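A closer look at the structure
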Amino acid sequence: MNQLKAPKWPFLLGQILLLGFAYFVVARLPHPIGPWEVAGCFVLALAGVLVGVWPFLIDCKLIAKKIEGDSLGAVAQKIQGLEQIAARVSSATNEWINLQGQAEKTSAGAREIADRMTEEVRQFSEFMQKMNDSEKAALRLETEKLRRVEGEWLQVVVRILDHVFLLHAAAARSGQPQLAEQIAHFQNACRDAARRVGLTPFVAEAGEPFQAERHQIVGAGTAGTDAVIANTIGTGYTFQGQLLRPALVKLREAGSVEESATAAPTESVPPDGGPGEGELPLQSPD
């Protein structure tokens, strides 16, 4: 800061000389002093003041220039820093552009992979759907075959049991108790064997009330509300709890003598016929 200050002793010397000269004029001139002498003394005093203040003004200008130079230097440094920042921003922008391009390429690749995966999933779903449909068709075919076989062996077993029932009825009408008892045991054994596969024969007892859902009347007659069964003409069957065929029965006529519960059927083939000779039609077990 000392280099920024101007030497003050010359100015102080000039100020002292000017003020001293003004004092000499005032002290040596005869009084009263004239206006020109007062004006001259005032000018000398003002000049001395200006000479005394002048070095400080010079110091202020030097300090101002120094501050301005320092400010300009700081501004220049800041400008250089801004240029460096601008260069870094430009570099970062270029890097960002490069990264954005790579990101677009990566996104396009990921989109392509996703599309391929979607197509593969669609093809796999179609393949699985075709396999499922084919398996369902095969299972449906096998189920139909099993149902057909089931219906066929049900027809066979029911027909055998019908023949056994007719054989038992014939033995009961023969008048030979031992033969009838043996045929009854044979019939019971056959029915027990059928029950093991879910086929349950049933007959209507004589004197039992008529039930339209379990019994069928011989011929084209109709049953009244108080109809009573006289005897069973054909055995009824249930398969796994579902009605397969109602029992074919004969109703007791009004005013007739009550028949025995063990009365044997007098008809071997139902009047309405059936799928085969001596065979009653079966309902679907479903």
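Description of the structure in this document. Quick caveat, the model's predicted, so the values are computed rather than measured. (Residues numbered from 1 in each chain as written. Predicted model: local features only at pLDDT ≥ 70, side-chain atom pairs only at ≥ 80, totals over all residues. Heavy atoms only, no water.)

Pairing is mixed across the open sheet formed by 3 strands, whose spatial order is 2-6-3. Only two strands of the sheet have a single partner each, and these edge strands are strand 2 (215-217) and strand 3 (229-234). Strand after strand, the sheet turns through a mean of 45° between neighbouring axes, direction not considered. Direction of pairing for strand 2 relative to strand 6 (residues 247-251): parallel, over a ladder of 3 bridges. When the bridges of strand 6 are listed, H215 appears paired with A247. (Pairing = 2+ DSSP bridges. Helix = DSSP H or I, 4+ residues; strand = E, 2+ residues; numbered from the N terminus. Axes fitted to C-alpha atoms, helices over the stretch in contact; angles between N-to-C directions.)

This part is about the environment of W153. Within the secondary structure, W153 sits in helix 2 (residues 35-173). For W153, the residues in contact, after removing those within four places along its chain, are V197 and F239. (Contact = heavy atoms within 4.5 Å.)

A few words now on the pattern of salt bridges. Applying the stated criterion across every chain, the model contains 5 salt bridges. One salt-bridge network, held together by shared partners, links E119, R122 and E126. (Salt bridge = Lys/Arg side-chain N within 4 Å of Asp/Glu carboxyl O.)

So, to be careful, I would describe these as geometric facts and stop short of saying anything about function.
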